[in-house]
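# Structural description and commentary
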Protein chains: 2
Amino acid sequence: MHETPHIPTLDDVAKVAAVSTATVSRCLNEKQKVSAKTLAKVLEAVESLGYTPNFNARAMAAKQSRTIGAIIPTMENAIFARGLQAFQETLLEQRYNLLVSSSAYQPKLEAQQIRELVARGADGLLLIGYERDEAVYDYLARRGIPTVLAWASKPDSRHVSVGFDNRAAMRQLTDRVIEMGHRQLAVISGIVDGNDRAAERLAGIQDSWQAHGFHLDDLPVIQRPYETKSGAAAFEELVQVDVKPTVIMCGNDVLAAGVVSRARDLGFSVPDDISVTGFDDIELAKHVYPALTTVHVPHRKMGRIAADSLINLIEDREGEVSQQLDVFIQMRASLKQL
Amino acid sequence: MHETPHIPTLDDVAKVAAVSTATVSRCLNEKQKVSAKTLAKVLEAVESLGYTPNFNARAMAAKQSRTIGAIIPTMENAIFARGLQAFQETLLEQRYNLLVSSSAYQPKLEAQQIRELVARGADGLLLIGYERDEAVYDYLARRGIPTVLAWASKPDSRHVSVGFDNRAAMRQLTDRVIEMGHRQLAVISGIVDGNDRAAERLAGIQDSWQAHGFHLDDLPVIQRPYETKSGAAAFEELVQVDVKPTVIMCGNDVLAAGVVSRARDLGFSVPDDISVTGFDDIELAKHVYPALTTVHVPHRKMGRIAADSLINLIEDREGEVSQQLDVFIQMRASLKQL
DNA sequence: TTGTAGGCGTTATCAA
DNA sequence: TTGATAACGCCTACAA
């Protein structure tokens, strides 16, 4: 069935245009080095043959691919979508292409996909968070692959990062919650193992809790994967206790959305019976009812800056590298003053 | 700054293992053709050097990449996320990799990305919907690139598609709406130009409307991009009329979510003052309040089947190709009997 | 401004 | 079971 059709190559174009392959290559890559006449001739041949350069051959010969790889933990919920979109737009403006894969929050899978993207000739990489096996960083360093870490920030680290301080942000939100009179908190955290954002957010809550003179033993914490349904199930667990929490703080808007929905289904009123908070300020946060009080993250800005940083790194230019962005608390109806 | 590190190649491995490059290649690709002793020797060399095969070189020499390209209209909302996830999982099981790009609903961009993926050596392509320039299909045919169209279905077409009948589904939902007593409908459609799913869904509503003896002139329709905020804005327009609609049917859950939220903010009660329907049954549909009556699409199943079809095509096997999936109406609180 | 020719890192076809 | 060696399609000194 697969009749192998003839795919035009540089040679074909060269023959049709009656020039050398070198000239054709120049017409495609450095027009200024070619006379207007030959350029026209060659482009016509390209057109008539429907020629498209073979990317693999080009990357191999030129030793660069103008391709950036990004590995995000998940595509399923919208956490990374908006930032990634902006990242891609910025890359495209500079004629870089983006390759995306998702690691399903599995470090081994991520490591494998890093090798895959590098093997594909990626000129640089965008990774989420900073916590990963040292061997991975070694590998990247040995191959000389410029890498930017996003969605987190470690100013003291030897890595380039464009993100925000998850811990400080969550601490700030918790301070606010406690100031509003809440004393019975419960936490639904993301799985902290292998996820520095989740770990830092939880730590931020604990920082604030202790700073206010409370004891960690009095702070119920459960860890759940970032899915609405696990938030919903976690809610049921958390309210089956003698002293119900007055507020449930979630490591993420997705968990919080699950909590709010399930609470309503079970006849709880949010925020009158119980308050809920999230983190990220994704689209969902505005559309659940009541809308979520959450930490607003400048996703698009982060994506843009990450792209600029990475390109600077790749092209060996001066300019910004690591950058820590500001976030703010977005108050909405799901959190109530006691 | 970029010290060009030495990246180990097949040659390096061959030297260290004291065999030929051909043998090393065999160890990596067809172990059974190699003696156990050499295999061990070679793998050890691979390990010690930290060798990773160069993908571009491999693809060029082998004339196949085990890579599938997918181009979706957007990553921003979750419409395609779940299906794509399943698509990828199925591919991975068969040792195919997935490359994703997003066309932002722009046909020219899509055409360009198709060329890009083909140039990268994609063995096959997944595209959304069937409506695109004939030149694109010609190009694909000339290059002999197996392609599967998803999220839509054209059984009479010469293309392979794995999807569902958007028009029939929406007609069915509309029948239901009308049976429930609604006579004042208003429609917020997606932009139909260049989007067959949006066009078919709108047509489905019109089919039902006319079949019930009503006139198209009495059916207010506005087209808006698939974003919650445009749904929200559209809602305001639609209720600023003398005879308010009793139900607003949206081409998509995202639009419907925007409508529900804005309606509530403006003091309307959904569904008591006005009913709302969506399409797709994405996560969001369950979490807005009230939850959306919508058309449930078997996203994951569609993704799996599309992957199987595409692989069958690529590997020239017998087996299923086009397939039309069933959808059903998911009744939830946003639609009320009059 | 243009052409020649070597090389990029694999795989695959032959022989050995 | 192994080893030479010719592709694969393009880029890029270097020469002309």
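Residues numbered from 1 in each chain as written. Chains lettered and ligands numbered in written order. Predicted model: local features only at pLDDT ≥ 70, side-chain atom pairs only at ≥ 80, totals over all residues. Heavy atoms only, no water.

### Things to note about the domain arrangement of chain A
For chain A, the assigned domains are domain 1 (1-51), domain 2 (56-164 + 301-325) and domain 3 (166-297). One C-alpha centre belongs to domain 1 of chain A, the other to domain 3 of chain A, and the line joining them spans 60 Å. (Domains from an automatic or database assignment.)

### With respect to unusual backbone geometry
A cis amide bond, omega 10°, links Val 270 of chain A with the succeeding residue Pro 271 of chain A. Positionally, Pro 271 of chain A belongs in the loop between α11 (253-265) and β9 (275-277). A cis amide bond, omega -5°, links Tyr 289 of chain A with the succeeding residue Pro 290 of chain A. Structurally, the position occupied by Pro 290 of chain A is in the loop between α12 (283-287) and β10 (294-296). The backbone of Lys 63 of chain B shows a phi angle near 55°, a positive value even though the residue is not glycine. (Helix = DSSP H or I, 4+ residues; strand = E, 2+ residues; numbered from the N terminus.)

### Here's the deal with the environment of Ala 291 of chain B
Residue and element names in this part refer to chain B. Inspection of the secondary structure assignment puts Ala 291 in the loop between α12 (283-287) and β10 (294-296). In this structure the C-alpha to C-alpha distance between Ala 291 and Gly 121, which are 170 residues apart in sequence, comes to 44 Å. Ignoring any residue separated from it by four or fewer positions in sequence, one finds Ala 291 in contact with Ala 285, Lys 286, Arg 332, Ala 333 and Ser 334. (Contact = heavy atoms within 4.5 Å.)

### Observations regarding the protein's contact with DNA strand D
Around DNA strand D, the structure places 25 residues, and the nearest of them are Leu 10 and Tyr 51 of chain A together with Thr 23, Arg 26 and Thr 38 of chain B. Close to the protein, within 4 Å, the atoms of DNA strand D belong to sugar or phosphate groups at a rate of 65%. Measuring from a phosphate oxygen of DNA strand D, one finds a side-chain N or O atom of Arg 58 of chain A at 2.9 Å. Taking Ser 35 of chain B, its side chain carries an N or O atom lying 3.1 Å from a phosphate oxygen of DNA strand D. Counting residues per element, the surface near DNA strand D draws most heavily on helix α4 (residues 55-62) of chain A, at five residues. (Near = heavy atom within 4 Å. Polar contact = N/O pair within 3.5 Å; in protein donor to acceptor, adjacent residues only side chain to side chain.)

### Here's the deal with the sheet that holds β9 of chain A
The strands that make up a sheet are held in pairs by hydrogen bonds between backbone atoms, and each pair lies either parallel or antiparallel. Residue and element names in this part refer to chain A. Spatially, β7-β6-β8-β9 is the arrangement adopted by the four strands of the open sheet, whose pairing is parallel. The open sheet is flanked by β7 (221-223) and β9, the only strands paired with a single partner. Along the sheet, successive strands turn relative to each other by an average axial angle of 15°, direction set aside. Sheet topology places strand β6 (residues 185-189) next to strand β8 (residues 247-250); four bridges connect them, and they run parallel. (Pairing = 2+ DSSP bridges. Axes fitted to C-alpha atoms, helices over the stretch in contact; angles between N-to-C directions.)

### Quick look at the protein's contact with DNA strand C
Around DNA strand C, the structure places 26 residues, and the nearest of them are Thr 23 and Arg 26 of chain A together with Leu 10, Ser 25 and Tyr 51 of chain B. Here, DNA strand C places atoms within 4 Å of the protein, and 64% of those atoms are sugar or phosphate. Contact distances for DNA strand C include 2.6 Å between a phosphate oxygen and a side-chain N or O atom of Ser 25 of chain B. Within the contact set of DNA strand C, a phosphate oxygen lies 2.7 Å away from a side-chain nitrogen or oxygen of Tyr 51 of chain B.

### Examining the relation of the copies chain A and chain B
When chain A is fitted to chain B, the best match, at an RMSD of 0.1 Å, comes from turning it 180° and sliding it 0.0 Å along the axis. Put plainly, the chains are arranged around a two-fold axis. Of the interface residues in chain A, 98% have counterparts in chain B that sit at the interface too, so the contact is made through matching surfaces. (Least-squares fit on C-alpha atoms with pLDDT ≥ 70 in both.)

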